[in-house]
Structures are given as structure tokens and as C-alpha cells.
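# An overview of the molecular structure
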Amino acid sequence: DTATFDFSTVTNLSTSDQTEVDSIVFNPGASAYTITLASPEQEFLYISGIGIVNNSGVTQTFVSSDGGFFFHAFYFFNNATAGDLTVFYNPAIEATAWCKTTFLDSSNAGSSTITNAGGPAGFPGQTEFLNQSSAANATIINEGAPTGGVNGKTFFVEDTSAATATLINNGGTGEGASGGYI
């Protein structure tokens, strides 16, 4: 399946169940959307084909959670790409699991911007590259946390590549706080 977006006055969307699509396409002239994984339960959006194609000319935003208590994640499989003019935000939550963006197989982060938040407690936002995936030309920001908190994280595991991505680790706040890490 392909999820296709055009101009709309309703631009804040949320999913409420496990969903898999081949691709997400934003047509020329499409509005700027924010798509959030909003279920209080475990929720995933699987992108398993082409990936995200943004022809709109405006930034499209994806948020992995609005605060549930279980895993919330965007998964890219096969050769899927996170596309261009896309922003992914993985918040830190005081819950029992992570909010994350994961790349598997030969998928890649395209030219997206991914922010992994640090927070005062709980679990940080994170990005994972597994199998033979690549960060491609993305900008990945790992935010630090306050003293005693948890830092945003990015993992490269197995035969992955940072390629030409820009990786930024911001410091935490407060005396003795640490920064985000790769």
C-alpha cells in the first residue's frame, strides 16, 4: 500500500494501530503534516518498500510518541528511505520502553533530520542502524540530558554505515551532566 498526501486543512495525524506501508508519498503542493504514533499501547509504523517520497517542497514531520508506556517506533525495511525534507523526533519518555527510528536491511535515512531527545529519567529517544543500513546524508542529533538523566542515542550495529551523515551530540544541562552519544 501507498499512503498519499495532498493539500489538507487537517495536518496533525495520528495512528492508532500497527501499520505497514510500502511508501508514503507527499504530492506537489501537499500541506506540511505531522504524523504521530499516538496509541497508549505498543505501536509501530513499518515502511517496507520505497520509503518516504516528499515532492511537496515543505518539511514533513514524524513523531514516535506522544507519551505512551510501551515501544513506539518507525521501522524502515528492505530498501526503504526516510526521504528528503523529513524530520523524525524520538522523545525521551518516563515509561517502560523506547521511542525510536530503526533502519534494517539495506534501508537508509536519506537526507532526513532525526532528533533523539534526552530527558530527566526513563528511556531516551534513539535511532538504530542494523544489518546493512546506512545513515546516508541525514543529520542526526542526540540531545543531552539534565544531571542524572538519560541521553539521546544512536547505534550502528553489524555491517552498517554512517556514510556522509552529520552526527551531533549535544551536551546535557546541569553540573556533571553528560551529552548525547553514538
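Just above, that's the structure.
Okay, so let's go over this structure. Note that the coordinates shown come from a computational prediction; the quantities given were computed from them, not determined experimentally. (Residues numbered from 1 in each chain as written. Predicted model: local features only at pLDDT ≥ 70, side-chain atom pairs only at ≥ 80, totals over all residues. Heavy atoms only, no water.)

## Remarks on unusual backbone geometry
- One non-glycine residue, L85, lies in positive phi territory at about 55°.
- One can find L85 in the loop between β7 (72-76) and β8 (86-90).
- A relative accessible area of 41% places L85 in the partly exposed class.
- Its identity is not glycine, yet D105 carries a phi of approximately 55°, on the positive side.
- You can see D105 is positioned in the loop between β9 (99-103) and β10 (113-116). (Helix = DSSP H or I, 4+ residues; strand = E, 2+ residues; numbered from the N terminus. Buried < 20%, exposed > 50% of the residue type's maximum accessible area, 1.4 Å probe, protein only.)

## Let's talk about the pairing of strand β5 (residues 43-54)
- The buried fraction of β5 is high, at nine of twelve residues.
- The pairing of strand β3 (residues 19-26) with β5 spans seven bridges and is classified as parallel. When the sheet's bridge partners are listed, V21 is paired in β5 with I47.
- Note: β5 against β7, five bridges, orientation parallel. (Pairing = 2+ DSSP bridges.)

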